[in-house]
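Structural features, examined
The chain contents come next:
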Amino acid sequence: HHKFLDLQLFGYDISITKHVIMLWVASAITVSLAIYGTRIYRKSESAQPKGLSHLYEILINFIRNDIIIPNIGASHCSFWTPLITTYFIFILTCNFLGLIPFFDLIPGGSSTVTGNFNATAGLATITFFAIIVAGTMKHGFLGHWKNMIPGDVPGPVLLILIPIEILGMFVRPFALTMRLGGNMTAGHIGMLAIFALPIILSSPSVGIVSILLNTGIYFLEIIVSFVQAYVFTLLSAVFIGMAIHAEH
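Throughout what follows, the structure given in this document is the object of discussion. (Residues numbered from 1 in each chain as written. Predicted model: local features only at pLDDT ≥ 70, side-chain atom pairs only at ≥ 80, totals over all residues. Heavy atoms only, no water.)

Scanning the protein chain from N- to C-terminus turns up eight helices and four strands. Counted from the first residue to the last, the protein chain has its helices and strands arranged as β-β-β-β-α-α-α-α-α-α-α-α. Across its three principal axes, the protein chain shows a C-alpha extent of roughly 70 × 55 × 40 Å. The buried share of the protein chain, taken over its 248 residues, is 35%. Across the protein chain, contacts joining residues at least 24 apart in sequence account for 64% of those joining residues at least 6 apart. For the protein chain, the computed accessible surface area is about 14300 Å², with 73% contributed by carbon and sulfur atoms. Side-chain charges of the protein chain comprise 11 positive and 10 negative groups, with the mean position of each set lying 8 Å from the other. (Helix = DSSP H or I, 4+ residues; strand = E, 2+ residues; numbered from the N terminus. Buried < 20%, exposed > 50% of the residue type's maximum accessible area, 1.4 Å probe, protein only. Contact = heavy atoms within 4.5 Å. Areas by Shrake-Rupley, 256 points an atom, 1.4 Å probe, with all protein chains shown as cover. Lys, Arg positive; Asp, Glu negative; His and termini not counted. Charge placed at Lys NZ, Arg CZ, Asp CG, Glu CD.)

Below is the structure:
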């Protein structure tokens, strides 16, 4: 809650906090890596990749072939690859920045942006509108909303089905928000709880054990950072694909 700059806009608090600063840092890193990693292709599309460019090619090919094409389809791949790839890289960058102890020196609490439910809700909101855009582009505005209700359904069933479908529209982004934010927050709470043991028990020997345990949890957090970036990216692609291929 520490505010570096207190700002209000139309009654809303838009103050500059630590998480806002970390969002800017993560965004700058994401954009900088993308520009630097793809510079060789701007000179020549047939260039031989190396270093970061080679890593980017492997990453984008993985997202394109294993996430986007199976869930959204090859015909829509070029349009949605930039968004889905940005999700993965940006979330992974936020997760990794939260694991660097240096940023904890900045006042204002945790440095993990994806542990802030406001940040994850913002990402989920983008997915929410992306689902509507995808369905509208494929089936038209009215067609997208009509596809939410299966055909040949008896009238009485619609009284139950329509509210469920409307609720499902908001449950999907809510699930994305809670899954990403909850997992990143849980890891940090677990590490804090273990570090609190030697203070509660007043035992230096327990402190050594807590350091060893948290070292293992730290490496587990690295794996979780990858998994959560992948899961958010995958589910976003699945939800967008469901709007495009409503017949399935």
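Our focus in this paragraph is the side chain of S210. Relative to the assigned elements, S210 resides in helix α8 (residues 204-244). Excluding residues within four positions of it along the chain, S210 makes contact with I194, F195 and P198.

Right, let's get into unusual backbone geometry. Here F10, not a glycine, exhibits a phi torsion of approximately 50 degrees, which is positive. You can see F10 is positioned in the loop between β2 (8-9) and β3 (12-13).

Time to look at helix α4 (residues 77-97). Along an α-helix, residues three or four positions apart point the same way, because every turn accommodates 3.6 residues. The end-to-end C-alpha distance of α4, which contains 21 residues, comes to 30 Å, matching closely the 30 Å that a straight helix rising 1.5 Å per residue would cover. α4 sits mainly inside the fold: 15 of its 21 residues count as buried. (Expected span 1.5 Å × (residues − 1).)

What follows covers the side chain of N95. Mapping N95 onto the fold places it in helix α4. By relative accessible area, N95 is classed as buried at 1%. The contacts of N95, once residues within four sequence positions are left out, are T114, M184, S225, Q228 and A229.

Bringing the packing of aromatic side chains into the picture now. What characterises a pair of aromatic rings is the spacing of the ring centres plus the angle enclosed by the ring planes. According to the stated counting rule, one finds eight aromatic pairs in the structure shown. Relative to F129, the ring of F128 has its centre 5.3 Å away and its plane inclined at 80 degrees; by these criteria the two rings are edge-to-face. Cluster of aromatic residues (ring-pair linked, three or more members): F128, F129 and F170. Its guanidinium or amino end placed over the ring of Y36, R39 lies 3.9 Å from that ring's centre, counting from NZ or CZ. (Phe/Tyr/Trp six-rings, centres within 6.5 Å; stacked < 30°, edge-to-face > 60°. Lys NZ or Arg CZ within 6 Å of the ring centre and 35° of its normal.)

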